[in-house]
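Below, each chain spelled out in residue letters.
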Amino acid sequence: MKTKSEQFVEERIERWRKLHSVIKRIPAKKLSREEIIEFPSLYRQSCADLAESQMYQLSPDVLDYLNSLVGTAHRYLYTFPPLKKSAVGRFFKERLPGIIRRHYKFVITSALFFLIPFFAALISVQTTPSIAGSIVSPDVLDAMEANYAEGLSSGRSVMESSYATSFYIQHNISIAFYSVAAGVFIGLGTIYFLVYNGLTLGAIMGYVSGRGYSANLVEFICAHSVFEITGLIFAGAAGLFLGYTILDAGSRKRKKSLKAHQADFLTLICSAALLIFTAAFIEGGVSPRPDIIPVKIGIVLLSILFISAYFFFWPRLDKKRKQAA
């Protein structure tokens, strides 16, 4: 007659062997897709087996074996290798700039949904100022007019600049977050936010310009606007990409479709976040300064050069270089 330990082992030994086999091949990175998916489940089941064997006080050899098996599996499942400098370098050299080239259709679509309403509102409000009140709250328009009526102040203190930078990061990131998150509504929510933000910004700029304060407005926004607007457009592209992924799941389940595209999705978000963060720091520390107009012009030119070179020209050169090699 079999002992309780023998019967326990016999019923579960195949699962343990399978987990042991997976663990042995992890260092060589020879796991199949099915084994990678199954690994967490095998680990959880083996943990339950260990708890049950301890409760029934099975033989020490069974307990020792399971302790070793579960401990090794836990280390591989929850301990991540240190981030290598080469991996970080490849991300910023290849993956991040290449993401815009791979998904340029979403970037162009996002730009059109933002810029067309922006210029339509800007031109319409300059032509017919009364339209502005139907797009933006009159209180907001009055506040914007008051802000730009007297030009820029003598600059901000370090504390004021820090506070302003924090506010701009929170504000801009929240706008970008809404644009991305709204993509779950098959992209329609993202389109709404892009159009809404374009109309609002265009109406405000048209109104302030129509009141005769365009020089003050341009002096304040020029330094940070390139990074900020590009970042918001990239965030919109991420939202549209998310919506397309959900809509075009095809025969795959939506969860699997999202998982298959999550690397590109997260990289798009990363590109938007980097630009928005940079814009917030410029807006908090440089934009309010009235005495550094040449510096602001230089930042505008460098911003355009950087975005064009890094996100659009560099991937092409890198691709040609790889083909030549």
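The structure under discussion appears in the preceding block.
Values in this document were obtained by computation on a predicted structure and should not be read as measured data.

Just to check I follow, could you spell out the overall build of the protein for this structure?
Within the protein, the regular secondary structure consists of 13 helices and zero strands. Listing each helix as α and each strand as β along the protein from the N terminus yields α-α-α-α-α-α-α-α-α-α-α-α-α. Long-range pairs, those at least 24 residues apart, make up 80% of the contacts in the protein with a sequence separation of at least 6. Approximately 19,300 Å² of the protein is accessible, and the part contributed by carbon and sulfur atoms is 64%.

Is there a simple way to explain the packing of aromatic side chains in this structure?
Working definition: an aromatic ring pair is given by the centre-to-centre distance plus the angle between the planes. A full pass over the atoms with the stated rule returns 17 aromatic pairs. Each ring, one from W16 and one from Y65, has its centre 6.0 Å from the other, and the planes form 50 degrees; the classification is tilted. A residue pair is termed long-range when its members are at least 10 positions apart, and W16 in helix α1 (residues 4–25) and Y65 in helix α3 (residues 60–78) qualify at 49 residues. According to the relative accessible area criterion, Y65 is partly exposed, its value standing at 33%. Taken together, F177, Y178, Y192, F193 and Y196 form an aromatic cluster joined through their ring pairs. Here the guanidinium or amino end of R12 rests over the ring plane of F8, the centre of that ring lying 3.9 Å away.

Can you help me understand the nonpolar core in this one?
Looking at soluble globular proteins, one finds that nonpolar side chains tend to be buried together. Counting 35 residues, the largest nonpolar core has I100, F234 and F311 as its most contacted members. Sorting the residues of this core by element identifies α4 (85–102), α5 (104–127), α8 (158–181), α10 (214–247), α12 (262–285) and α13 (293–324) as the ones contributing at least two each. In this view, F234 contacts I100, V107, S271, A272, L275 and F311; residues no more than four positions away in its chain are not counted.

Is there a simple way to explain empty space enclosed by the protein in this structure?
In this approach a probe as big as a water molecule rolls over the atoms, and the regions it shows empty are the leftover space. Tallying each qualifying case throughout the model produces one cavity of 30 Å³ or more. In this structure, the largest cavity encloses a volume near 30 Å³. Lining the largest cavity, in full, are F114, I175, S179, L194, N197 and L232. Grouping the constituent residues of the lining of the largest cavity by class yields four nonpolar, two polar and no charged.

What is the right way to read a nonpolar patch on the surface from this model?
There is a patch of nonpolar side chains on the surface, built from V184, F185, I186, L188 and L247 and spanning about 520 Å² of accessible area. Among the structural elements, L188 can be located in helix α9 (residues 188–210). Taking the relative accessible area as the measure of exposure, L188 reaches 56% and is therefore exposed.

I tried to follow unusual backbone geometry on my own but got confused; where do I start?
Where the residue is not glycine, phi is negative for most of them; where a peptide bond is considered, it is trans in most cases. Look at I186: it is not a glycine, yet its phi comes out positive at around 45 degrees. For I186, the location among the structural elements is in the loop between α8 and α9.

Got a minute to help me understand the pattern of salt bridges in this structure?
Should the charged atoms of two oppositely charged side chains come close, the side chains can pair. The tally for this structure, following the rule as stated, stands at nine salt bridges. In this structure, R12 engages E11 in a salt bridge whose closest nitrogen and oxygen atoms are separated by 3.0 Å. The shortest N-O distance in the salt bridge between R15 and D49 comes to 2.8 Å. With R15 in helix α1 and D49 in helix α2 (residues 33–55), this residue pair connects regions lying 34 residues apart in the sequence. Note on R15: relative accessible area 25%, which makes it partly exposed.

Would you mind showing me how to read α5 here?
With 24 residues, α5 should cover 34 Å at 1.5 Å per step; its first-to-last C-alpha distance of 34 Å lies within 8% of that length. Residues of α5 that are buried: F106, V107, S110, A111, F114, P117, F118, A121, L122 and V125.

Conventions adopted
- Residues numbered from 1 in each chain as written.
- Predicted model: local features only at pLDDT ≥ 70, side-chain atom pairs only at ≥ 80, totals over all residues.
- Heavy atoms only, no water.
- Helix = DSSP H or I, 4+ residues; strand = E, 2+ residues; numbered from the N terminus.
- Contact = heavy atoms within 4.5 Å.
- Areas by Shrake-Rupley, 256 points an atom, 1.4 Å probe, with all protein chains shown as cover.
- Phe/Tyr/Trp six-rings, centres within 6.5 Å; stacked < 30°, edge-to-face > 60°.
- Buried < 20%, exposed > 50% of the residue type's maximum accessible area, 1.4 Å probe, protein only.
- Lys NZ or Arg CZ within 6 Å of the ring centre and 35° of its normal.
- Core = buried A, V, L, I, M, F, W, Y, C linked by side-chain atoms within 4.5 Å.
- 1 Å grid on protein atoms, 1.4 Å probe; cavity = no way out; pocket = protein on both sides within 12 Å on 5 of 7 lines; lining within 4 Å.
- Points joined across faces, edges and corners; volume = space filled by probe spheres on them.
- Nonpolar A, V, L, I, M, F, W, Y, C, P; charged D, E, K, R; others polar.
- Patch = residues over 30% accessible without salt bridge, like charges linked within 9 Å, V, L, I, M, F, W, Y side chains within 5 Å.
- Salt bridge = Lys/Arg side-chain N within 4 Å of Asp/Glu carboxyl O.
- Expected span 1.5 Å × (residues − 1).

Note that all results are geometric; they support no functional claim without further evidence.
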